[in-house]
Amino acid sequence: MRYTITTLIMFFILLFPAGVFADQASVDLQKANDHVINAFQLAEQNNLIQSKEEYEKYNTLWYKNESGIKDKSKGAYRSIEERMGEVQFAFAQSPAKKVNIITSLKALIEINQTFISGDMSAFKDPSPTGSTTIDDLVKLLDEAKAALDQNNVQAAKQQIQSFRNSWLDIEGLVLTQSSKVYADAERDMVSSYALLTSNPPNVADAKQTVKNMRDYLIPLASKTSYTIVDVITILLREGLEALLVIVALLGFLNKSGHGEKKNWLWYGLGAGVLVSIILGIAVQLLFSSGTFGNNNFLIIGCTGLFAAVMLIYMSYWLHSKSSVVNWKQYINNQSTKALASGKLWSISILAFLAVFREGTETVLFFIGMASSISLTTLLLGIVLGILILAILAFLILKIGLKIPMRPFFLVSSVLVFYLCFKFLGTGIHGLQLAGVLRATHTDLLPSIDFFGFYSTWENIIPQSILLLVAIAVVIRNRIRDQKLQVQMNIQQ
Amino acid sequence: MKVSKTLLSIIILVFILAACSSNSNATVDGVKSMQDTLVEMNKNMDTNDTVKVKEDAEKLEESWKKFEDGIKENQPDMYEKVEGPLGIIQAGAKQDTLDQALLKDQITKLNDTLKQIK
């Protein structure tokens, strides 16, 4: 029996049109709208003062209930408020014009009734799904630009209006990435709309404004991030260098018959790795976007360029032949001294220094990546890198594997150059997004995230220079090697 | 020596970047932005630049959207005092010929209300 009743109730519910179960927002607006109808009738009877009083009653009710209407449809809320503004303007005019008051009240009644009837298709809601992306906004601008190219002002106006509606969903995202782009977009979306709605519409200026908006929003849509491969590359390069020093120190200990005291060396090595990891995590936490919010891109910019400069410095000076020789000599001298004086703890310090020196450099590069990589990826990269290093260390120390130095340094130099190129590109891009640098887009070249390459002249020029300098250095070295070879042949 | 220099440069960088970041208050920023726009609007009214006035009205609306919910919740009387003149300014700016006296009056009203917002 109970089952039958429930089924019957369900059946009747399904039979009724949805409108019968009107929501609270519609009911509230219907009540308030009665006052507007009264105001309209009074205005028609030339009773403007009482008409205004009736309208004020509507106004009071509106403020009470507007949240419900806004929740149901932001588009409807805006449209109704716009009509209300027109009514208030008509009443505020001095002397008040009956025609204007009647026309504006009529328009308000109509729009209210559309809402009450539940027909929401008349209101353009700003992306109800809330899944607008910056790409969507750029697409709207492209459409607006295409419409303007064909002199279709009406269509362009609609696209800009849609842009403004969608903006509310995405503005937070834009603000966290670049306050400059945010402020510019806020200004330009308003001015492009005003240019198009002016009489006659200023198409040329509007087109330029839309183009500008597109130019500074595009970079936000594509955002370079670093991969686990980048993390491992750096760790391997730096780690292997440290490993070579450790191998040399071990050799010293064994040669001098202190092989059993190599624990001292492991302590130093362990401390070096630990301190470097702690420094790395601290840096990542400090530079994460959560900590810095609005200035995220300024951080990417500064740290990217800083890392690029550090890499160039490291590649061309620190690891130049003379410097490596000096460093090795220093290690040799110190270890001989340590062995001579019997203070084996200084072997620990040497191992620590060797690891910490490379570790600090690793951290510097991680700063360049930190704001564009998740902590998990960074840590995973570090763990994997250390694992590979451990295997290599095992192979070198226990099995006596010899690292082929030339290919190793050749491959790692190419990788370091790739990272340097990427750091430079990302750094400049970050500064562009932070508004420190201009972004002049060109369609001549595509943007390639993998290389941190963006199609703006501010990116293309410095990155091309870097590439050219690298090619020049490679060619110069090749020629010098060939000359040396020739000289050696002559001498032989 | 090299290590300590490197550490020092990291610390300096951290401090510089930390100084760059600051939190903003939506209401204070919003009121300030609206007041700035009102000043601009007043100037554009004097030169009878209808396009600019319309642009300013749109700007006012955009700024208000950002913090109106907060005002409605915490200072409901102020909310109504803003919505009134703001609606009139929006409608007035759309007219082909600007009603100078009315718009200027509403600009003053809105500005006075904005001053009272905490």
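Residues numbered from 1 in each chain as written. Chains lettered and ligands numbered in written order. Predicted model: local features only at pLDDT ≥ 70, side-chain atom pairs only at ≥ 80, totals over all residues.

*Asks:* I'd love a proper account of the overall build of chain B, names of residues and values included.
*Replies:* Looking only at helices and strands, chain B features 5 helices and 0 strands. If you list the helices and strands of chain B from N to C, you get α-α-α-α-α. Counting all 118 residues of chain B, 31% fall into the buried class. Taking contacts inside chain B between residues at least 6 apart in sequence as the whole, the part at least 24 apart equals 67%. (Helix = DSSP H or I, 4+ residues; strand = E, 2+ residues; numbered from the N terminus. Buried ≥ 20, exposed ≤ 12 C-beta atoms within 10 Å, placed from the backbone. Contact = placed C-beta atoms within 7 Å.)

*Asks:* Explain the overall build of chain A to me, and be specific about the residues and the numbers.
*Replies:* Each helix and strand counted, chain A has 18 helices and 0 strands in total. Here chain A holds 492 residues, and the buried ones make up 38% of them.

*Asks:* Quick one: what's the story with the packing of helix 4 (residues 76-93) of chain B against helix 5 (residues 100-116) of chain B, residue by residue and with numbers?
*Replies:* Residues and elements named next belong to chain B. The interhelical angle for the contact between helix 4 and helix 5, taken along N-to-C directions, is 155 degrees, at an axis separation of 9 Å. What the angle tells us is that helix 4 and helix 5 run roughly antiparallel. Where helix 4 crosses over helix 5, the handedness of that crossing is left-handed. Only Leu102, Leu103, Gln106, Ile107, Lys109, Leu110, Thr113 and Gln116 of helix 5 make contact with helix 4, whose side of the interface consists of Met78, Lys81, Val82, Pro85, Leu86, Ile88, Ile89 and Gly92. Across the contact of helix 4 with helix 5, the residue classes break down as 10 nonpolar, 4 polar and 2 charged. (Axes fitted to C-alpha atoms, helices over the stretch in contact; angles between N-to-C directions. Parallel < 35°, antiparallel > 145°, perpendicular 65-115°, else oblique. Left-handed = near helix turned anticlockwise from the far one by under 90°. Nonpolar A, V, L, I, M, F, W, Y, C, P; charged D, E, K, R; others polar.)

*Asks:* Can you break down the nonpolar core residue by residue, with the values?
*Replies:* If you look at the biggest cluster of nonpolar residues, it comprises 44 residues, and the most contacted ones within it are A:Val36, A:Ala39, A:Ile69, A:Val87, A:Leu105 and B:Ile89. Those elements that provide at least two residues to this core are helix 2 (24-44), helix 3 (48-72), helix 4 (74-92) and helix 5 (98-116) of chain A together with helix 2 (26-46), helix 3 (50-74), helix 4 and helix 5 of chain B. Looking at which element gives the most residues to this core, the answer is helix 4 of chain A, with 9 residues. Once you skip the residues sitting within four places of it in the chain, A:Val87 turns out to touch A:Tyr55, A:Ser104, A:Leu105 and A:Leu108. Core analysis: the next-biggest nonpolar cluster, separate from the first, contains 30 residues, A:Ala144, A:Tyr182, A:Met213 and A:Ala439 among them. (Core = buried A, V, L, I, M, F, W, Y, C linked by C-beta atoms within 7 Å.)

*Asks:* Describe helix 16 (residues 375-399) of chain A, and please don't skip the residues or the numbers.
*Replies:* With 25 residues, helix 16 of chain A ought to run about 36 Å at 1.5 Å a step, and its terminal C-alpha atoms sit 35 Å apart, in line with that. A:Gly400 lies just past helix 16 of chain A and shows a positive phi near 80 degrees. (Expected span 1.5 Å × (residues − 1).)

*Asks:* So what's going on with unusual backbone geometry? Residues and values would help.
*Replies:* Residues and elements named next belong to chain A. Ser94 connects to Pro95 through a cis peptide bond whose omega is 0 degrees. Residues other than glycine seldom take positive phi values, yet Asn151 does so here, at roughly 60 degrees. Taking the C-beta count within 10 Å as the criterion, Asn151 has 11 such neighbours and is therefore assigned exposed.

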